[in-house]
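Below are the chains, spelled out letter by letter.
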Amino acid sequence: MSLKTLHEIIPVGKPHAVPAGTRTSNSKGSFLAWSWSQWFSSFCHQCALPLALFCALSVLPTLAQPPAKLAKSLQIYFIDVEGGQATLFVTQEGQSLLIDTGWPGNNNRDADRIVAAAHDAGINKIDFVLITHYHDDHVGGAPQLAAKIPIGTFIDHGENRETSDTITQKDWLGYKQLLATGKYKRIIAKPGDILPIRGIRVEAISSDGALIEKALPRAGQSNPACANSAPPLADKTENPRSLGTLITFGKLKILDLGDLTAEKEHELMCPLNKIGTVDIYIASHHGFNQSGSAVLVHAVTPRVAIVDNGARKGGSPSALDIIRSSPNLAALWQLHFSEDAGPAHNTAAEFIANPSGLDAADYLKLTANPDGAFAIFNSRTKQSQNYAAAK
Ligand SMILES: [Zn+2]
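Conventions adopted
- Residues numbered from 1 in each chain as written.
- Predicted model: local features only at pLDDT ≥ 70, side-chain atom pairs only at ≥ 80, totals over all residues.
- Heavy atoms only, no water.
- Phe/Tyr/Trp six-rings, centres within 6.5 Å; stacked < 30°, edge-to-face > 60°.
- Helix = DSSP H or I, 4+ residues; strand = E, 2+ residues; numbered from the N terminus.
- Buried < 20%, exposed > 50% of the residue type's maximum accessible area, 1.4 Å probe, protein only.
- Disulfide = S-S within 2.5 Å.
- Polar contact = N/O pair within 3.5 Å; in protein donor to acceptor, adjacent residues only side chain to side chain.
- Contact = heavy atoms within 4.5 Å.
- Donors = N, O, S within 2.8 Å, 3.2 Å for Na, K, Ca; no water.
- Pairing = 2+ DSSP bridges.
- Expected span 1.5 Å × (residues − 1).
- Arc of directions from axis to C-beta.

Here we look at the packing of aromatic side chains
Argument step 1. On inspection of all chains with the given rule, the structure shows 9 aromatic pairs.
Argument step 2. Between the aromatic rings of Trp172 and Tyr175, the centroid separation amounts to 6.3 Å while the plane-to-plane angle is 45 degrees, which identifies the pairing as tilted. Here Trp172 pairs with Tyr175, and both are found in helix H6 (residues 166-180), just 3 residues apart, close to one helical turn. Of the two residues examined, Trp172 and Tyr175, each falls in the buried class.
Argument step 3. Between Phe374 and Tyr387, the ring centres sit 4.9 Å apart and the planes meet at 20 degrees, which makes this aromatic pair stacked. Pair noted here: Phe374 is in strand E20 (residues 374-378) and Tyr387 is in strand E21 (residues 383-387), with a separation of 13 residues, a long-range link.
Argument step 4. Through successive ring pairs, a cluster of aromatic residues spans Tyr134, Phe154, Trp172, Tyr175 and Tyr184.

Laid out in structure tokens, this is it:
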């Protein structure tokens, strides 16, 4: 299934900056038209009748001109892979990073959706595919994807550590076969590594169970949420091995820790917050309640959280509640309505790509400017919400 045609994403930031959370239609040109109509109205509404023609003549030619050259933007597609992860970053220069490949099987469903997003972004190759860990919903789709689009380099945390699980081991062997073809470069990332992706800074925070040892610059504050939190029990699966990253684009910070579990969050965030604050939190573990504890979420204080949950995978009521009660949150977005959470815990319908009973593979797309302003587009509603640069 291919993605729906994406309308031109609106420019964000100057000269059309609007207040955080402002909703705009995303049909082509409508935002510019709206801006100019506002300007026209404010400039001309006091025009006397004889001046009206002059007003119109002085404005109309400008309406026909293309918009001013935009600042270099970053596009991020949150592709619906039904409760797995597939997040595609494409820089203005066309350099690309895909975090995880969705599920195997399903007649190439997830690979097709990823390729459709890549084509929508104007690329025919994925430069880097980062595999957070070797669970079915993250690496399972890698062979199908590799058969459909050229890939440059795979990035991962090293060996599979959950060899006792049949499905995980099968996926790992499938991935190793891909690497064994010799067609791809491979990077095994360690915490603190900066990955060689141009246009964005991608720093490994967690990998193979290890975490950054020192606080990042401007981080290291004590974390009050730790007072109410005992270290959780250790998860024995691949989840705590997740290769997690902090992605920086200009002034914008985006946190993606894969399926990193709560005991690693505690280690990373208590007693000192080693990450600092971020703008966008890609909810760990699809919003499943083994991850996304308050010691993480309430300390990184995201302005926006995006949950890549399925209708019946992730999106736990308590995890969504933690996000919604985060002190600086402007909006929670979800790829699906969570049936488990029900209306009381889900975000509002306009922030959900695929509502209850309506799964049309709708996606979310974030477009960011280096000044920190960004917009999030919902392919179902064709609406965008704009978020001004943080002060
Ligand atoms: Zn997962």
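Remarks on the state of the cysteines
Argument step 1. Under the definition given, this model contains 1 disulfide.
Argument step 2. Linked covalently through their sulfurs, Cys226 and Cys270 form a disulfide whose S-S length is 2.0 Å. Disulfide Cys226-Cys270: torsion about the S-S bond near -95 degrees, hence left-handed. Of this pair, Cys226 sits in the loop between strand E11 (221-222) and strand E12 (244-249) while Cys270 sits in the loop between helix H7 (262-269) and strand E14 (272-273); the two residues are 44 residues apart in sequence, bridging distant segments of the chain.

Comments concerning the side chain of Glu203
Argument step 1. Turning to its location among the elements, Glu203 is positioned in strand E9 (residues 201-207).
Argument step 2. A relative accessible area of 11% places Glu203 in the buried class.
Argument step 3. A distance of 2.9 Å separates polar atoms of two side chains, one belonging to Glu203 and the other to Arg201.
Argument step 4. Contacts of Glu203, omitting those with residues within four sequence positions, involve Gly192, Asp193, Ile194, Leu216, Gly244, Thr245 and Leu246.

Considering the coordination of the zinc ion
Octahedral six-donor coordination of a metal ideally yields angles of 90 or 180 degrees, compared with 109.5 degrees for tetrahedral four-donor coordination.
Argument step 1. Donor atoms from the polypeptide that coordinate the zinc ion comprise Asp137 (OD), His138 (NE2), Asp259 (OD) and His286 (NE2), at 2.1 to 2.2 Å from the metal.
Argument step 2. Of note, the zinc ion draws all its donor residues from one chain, in the sequence arrangement D-H-x120-D-x26-H. Note that His138 is positioned in helix H4 (residues 136-139) and His286 in the loop between strand E15 (280-282) and helix H8 (294-300), a separation of 148 residues in sequence. Neither His138 nor His286 differs from the other in exposure class; each is buried.

Some remarks on the pairing of strand E19 (residues 364-368)
Argument step 1. Along E19, 5 of the 5 residues are buried, which leaves the element largely enclosed by surrounding structure.
Argument step 2. Every second residue of E19 is oriented toward a common face, with Leu364, Leu366 and Ala368 on one face and Lys365 and Thr367 on the other, all of them buried.
Argument step 3. Here E19 pairs with E20 via 5 bridges, running antiparallel. Among the inter-strand pairings, Leu364 is bridged to a residue of E20, identified as Asn378.
Argument step 4. Hairpin remark: E19 followed by E20, antiparallel, with 5 residues in the connecting loop; positive phi at Gly372, about 100 degrees.

What to know about the pairing of strand E2 (residues 74-78)
Argument step 1. Taken across its 5 residues, E2 has 5 buried, putting it largely inside the fold.
Argument step 2. On E2, burial covers both faces: Leu74, Ile76 and Phe78 on one face and Gln75 and Tyr77 on the other are all buried.
Argument step 3. Inspection of the sheet shows E2 paired to E19 by 5 bridges, in the antiparallel sense. For Ile76, the partnering residue across the bridge sits in E19 and is Leu366.
Argument step 4. As defined by bridge partners, E2 adjoins strand E3 (residues 87-90) across 4 bridges and the pair is classed as antiparallel. Directly across from Tyr77, in E3, lies its bridge partner Leu88.

Remarks on H6
Argument step 1. The first and last C-alpha atoms of H6 sit 21 Å apart over 15 residues, in line with the 21 Å expected at 1.5 Å per residue.
Argument step 2. Among all positions in H6, only Thr168, Asp171, Trp172, Tyr175, Leu178 and Leu179 are buried. The buried residues of H6 occupy an angular sector of 115 degrees when the element is viewed end-on, so they sit on one face. Exposed side chains of H6 directed beyond 90 degrees from the buried face belong to Thr166, Lys170, Gln177 and Ala180.
Argument step 3. The inward-facing, buried residues of H6 abut H4, helix H5 (142-146), strand E6 (151-156) and strand E7 (185-188).
Argument step 4. Remark: Gly182 follows H6 within two positions and exhibits a positive phi of approximately 80 degrees.

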